[in-house]
Amino acid sequence: MSERHMKLGAFLMAGGHHIAAWRHPDAHAPAGSDIDHFIAVARIAERGKFDMIFIEDAAAIRERNPDLASQAARSTAFEPLSLLAAIAVNTSHVGLVATASTSYTEPYGLARSFAALDQLSGGRAGWNLVTSASELEAENFASSGLRPHSQRYERAEEFADAALALWDGVEDGTYFPAGGETFADHSKLHPVHWHGKHFAVDGILESQRSPQGRPIMVQAGASDVGKDLAARTADVVFAASQTKAEAQAYYADVKLRLGKYGRGQDDLKVMPGISPIVGATEEEAKAKYRALQEFIPDAVGVALLASYLSVQDLSAYPLDGPLPEMPQTNLIQSRQQLIVDLGKREGLSIRELARHFAGARGHWQVVGTPSQVADAMEERFLDGAADGFNVMAPLFPSGLEDFVTLVVPELQRRGVFRKEYEGRTLRRNLGVASPSKG
Ligand SMILES: Cc1cc2nc3c(=O)[nH]c(=O)nc-3n(C[C@H](O)[C@H](O)[C@H](O)COP(=O)(O)O)c2cc1C
């Protein structure tokens, strides 16, 4: 029996991660704006002892063409912090990770909002720091516009430092000191004087110290600069890898960078995505997968593929031919490379790549019985490819329910996943060190 337990995140996505989930007869199409749906799904994750639920975000519709936006069923979603505040009061242990952008917010406001989520959830908040690569998002904040990749990260570096300084500026027990006559113990307050190229912050966070020291930092950058930022500041890193070799290479690369910043190997948990489709038998699982794939119209699959490749349009190329050479992108470089590599490695046509990516959106797809899914996860966990997984159910709630009912007990039986939460805070359950102050 292994002593090391894998970490599990439930990546929530309205009606499901599968691009055509909303068309499936089992799906709840308007899920993105149904709070009861999200609460029910969060409770399923908590029943499965998941470390966290995770909410992605972009402050924009996801596709320029509104028909494609509704196909993707991701444009009608709640803003993550508001959503997680509602979920916080309806759950007790599961961690709550919200995405927020360093490109279109300021450190003080963001640190304050996450401190509030952390307080009201009893220490379960996490921030998925993103630099935002979407042009549609940039258009909504046109005064700043979409900055080049390097500038987005330069700003993110400063942003992370300023936010961390704000959270660390308030020690435990600052307010209402025992037996004291003053409201605050001033020796425990450390005003932040942070002056950089992009931000200036002079002040104190108006919040008590987080029950978990400070909110958990999550990132998903895959470029060199993104991985360095994660190695320096993050507790968890998400990733998209297809093969075990790719996942191992990413894992080794990120872990190696930790040393540069004086951090230990366990200080950062690497959690790649997995899109599991589980059936009682292999045939049942495959039938579930086929049923979902049949709902993907070619136009939607190809448009989605184009957006992952960061190109405007692929309609000039034959659907059954190979991908043309791709121009280098200022947007998500790693995702483009992953698709190009897969196309070449497996000789896939544009139509085939489109179907493949539409399903799991570039993440690892596993279709099988509970023990086959557990085998696949355990293998990557034990072979240096993952500390845990960000589970991307194709359909909600049924896909997550299948995973919790069928796969979680199998992982527990093998001794690679917890049977009970270790504690009440996300930091405690993840097993990452507390920041020094407080
Ligand atoms: C699991 C996962 C979730 C992500 N969620 C978001 C998100 O909610 N919003 C966003 O703008 N980017 C999101 N991203 C994109 C990353 O934050 C990052 O921009 C991308 O991986 C490119 O990183 P790079 O520019 O360092 O290559 C996500 C990536 C992954 C793998």
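Residues numbered from 1 in each chain as written. Predicted model: local features only at pLDDT ≥ 70, side-chain atom pairs only at ≥ 80, totals over all residues. Heavy atoms only, no water.

So, about the overall build of the chain. Tallying secondary structure elements over the chain gives 15 helices and eleven strands in all. In summary, the chain has a C-alpha radius of gyration of 21 Å against a globular reference of 22 Å for 438 residues, a match within 12%. Based on the C-alpha atoms only, the size of the chain along its principal axes is roughly 75 × 50 × 40 Å. In the chain, the proportion of contacts linking residues at least 24 apart, taken out of those at least 6 apart, comes to 78%. Each charge sign in the chain was given a centre, from 44 positive and 55 negative side chains, and these centres are 2 Å apart. (Helix = DSSP H or I, 4+ residues; strand = E, 2+ residues; numbered from the N terminus. Rg over C-alpha atoms; globule rule 2.2 N^0.38 Å. Contact = heavy atoms within 4.5 Å. Lys, Arg positive; Asp, Glu negative; His and termini not counted. Charge placed at Lys NZ, Arg CZ, Asp CG, Glu CD.)

To continue, consider the side chain of Ser275. The topology assignment puts Ser275 in strand β9 (residues 269-278). Since its relative accessible area comes to 3%, Ser275 is described here as buried. Here Ser275 is in contact with Ala360, Trp364, Gln365, Val366 and Met392, once residues within four sequence places are set aside. (Buried < 20%, exposed > 50% of the residue type's maximum accessible area, 1.4 Å probe, protein only.)

Closest axis-to-axis distance for the helix α10 (residues 298-309)/helix α12 (residues 350-360) pair is 8 Å, and the angle between their directions is 85°. In terms of their interaxial angle, α10 and α12 are classed as roughly perpendicular. Counting all contacts with α10, which are made through Asp298, Gly301, Val302, Leu304 and Leu305, the residues of α12 involved are Ile350, Arg351, Leu353, Ala354, Arg355, Phe357 and Ala358. (Axes fitted to C-alpha atoms, helices over the stretch in contact; angles between N-to-C directions. Parallel < 35°, antiparallel > 145°, perpendicular 65-115°, else oblique.)

The biggest cluster of nonpolar side chains holds 87 residues, and the ones touching the most others in it are Leu8 and Phe50. Sorting elements by how many residues they give to this core places helix α6 (residues 149-168) first, with nine residues. Of all hydrophobic cores here, the second largest spans 24 residues; its members include Val300, Leu304, Leu305 and Ala306. (Core = buried A, V, L, I, M, F, W, Y, C linked by side-chain atoms within 4.5 Å.)

Structurally, Glu401 is set in helix α14 (residues 398-413). It is 14 Å that separates the C-alpha atoms of Glu401 and His17, two residues lying 384 residues apart in sequence. Residues within four places of Glu401 in sequence aside, it is in contact with Ile44 and Arg47.

What follows concerns the site of the ligand. Taken together, 21 residues sit near the ligand, with Asp57, His149, Tyr153, Ala220 and Ser223 positioned nearest. In this structure, an oxygen atom belonging to the ligand sits 2.7 Å away from a main-chain N or O atom of Asp57. Taking His149, its side chain carries an N or O atom lying 2.7 Å from an oxygen atom of the ligand. Compared with its free state, where it exposes 620 Å², the ligand has 91% of that area covered by protein. Of all the secondary-structure elements, those providing two or more residues to the shell around the ligand are β4 (125-130), α6 and β8 (236-239). (Near = heavy atom within 4 Å. Polar contact = N/O pair within 3.5 Å; in protein donor to acceptor, adjacent residues only side chain to side chain. Areas by Shrake-Rupley, 256 points an atom, 1.4 Å probe, with all protein chains shown as cover.)

Here we come to the UniProt feature "binding site: FMN" (unreviewed entry) in the chain. In the numbering used here, UniProt assigns the feature "binding site: FMN" (unreviewed entry) to Asp57, Thr99, His149, Tyr153 and Ser223. Within the secondary structure, Asp57 sits in the loop between β2 (52-55) and α2 (66-72). Relative accessible area serves as the criterion here: at 29%, Asp57 is assigned to the partly exposed category. Those residues in contact with Asp57 that sit more than four places away from it in its chain are Arg62, Pro80 and Thr99. Excluding anything up to four places from it in sequence, Thr99 contacts Phe54, Ile55, Glu56, Asp57, Pro80, Asn128 and Val130. (UniProt positions renumbered as here; feature names shortened; annotations may be inferred.)

Peptide bonds are, in most cases, trans, and in most cases residues other than glycine have a negative phi. Across the junction of Phe396 and Pro397, the peptide omega takes the value 0°, indicating a cis bond. Looking at the element boundaries, Pro397 is found in the loop between β11 (388-391) and α14.

By the definition in use, this model includes twelve aromatic pairs. Consider the rings of Phe159 and Phe199, whose centres lie 5.2 Å apart with planes at 85°: the pair is edge-to-face. Of this pair, Phe159 sits in helix α6 while Phe199 is found in the loop between β5 (192-195) and β6 (200-203), placing the two residues 40 residues apart along the sequence. Three or more aromatic residues joined by ring pairs make a cluster, and in this case those are Phe114, Trp127, Phe159, Trp167 and Phe199. A cation over an aromatic ring shows up here: Arg380 above the ring of Trp364, its NZ or CZ 3.6 Å from the ring centre. (Phe/Tyr/Trp six-rings, centres within 6.5 Å; stacked < 30°, edge-to-face > 60°. Lys NZ or Arg CZ within 6 Å of the ring centre and 35° of its normal.)

The next subject is the pairing of β2. Looking along a regular strand, one sees side chains alternate from face to face of the sheet. Side chains Met52 and Phe54 project from β2 onto one buried face, and the interleaved Ile53 and Ile55 project onto a second face that is buried too. Bridge count between strand β1 (residues 7-12) and β2: four bridges; the pairing is parallel. Across the sheet, the residue bridging to Gly9 is Met52, located in β2. The parallel pair β1 and β2, bridged by helix α1 (residues 35-47), forms a crossover whose chirality is right-handed. (Pairing = 2+ DSSP bridges. Right-handed = clockwise from strand over helix to strand, strands pointing away.)

To continue, consider the pattern of salt bridges. Scanning the entire structure with this criterion turns up 31 salt bridges. Taking the shortest distance from any N to any O, the salt bridge between Lys286 and Glu282 comes out at 3.2 Å. With a gap of four residues between them, Lys286 and Glu282 both fall in helix α9 (residues 282-293), about one helical turn apart. Lys286 sits in the partly exposed class, given a relative accessible area of 36%. The exposure class assigned to Glu282 is partly exposed, which follows from its relative accessible area of 35%. (Salt bridge = Lys/Arg side-chain N within 4 Å of Asp/Glu carboxyl O.)

A few words now on the side chain of Gln412. One can find Gln412 in helix α14. At 2.9 Å, the side chain of Gln412 and the backbone oxygen of Arg418 are in polar contact. Among all residues touching Gln412, those that are not within four sequence positions of it are Lys49, Phe417, Arg418 and Lys419.

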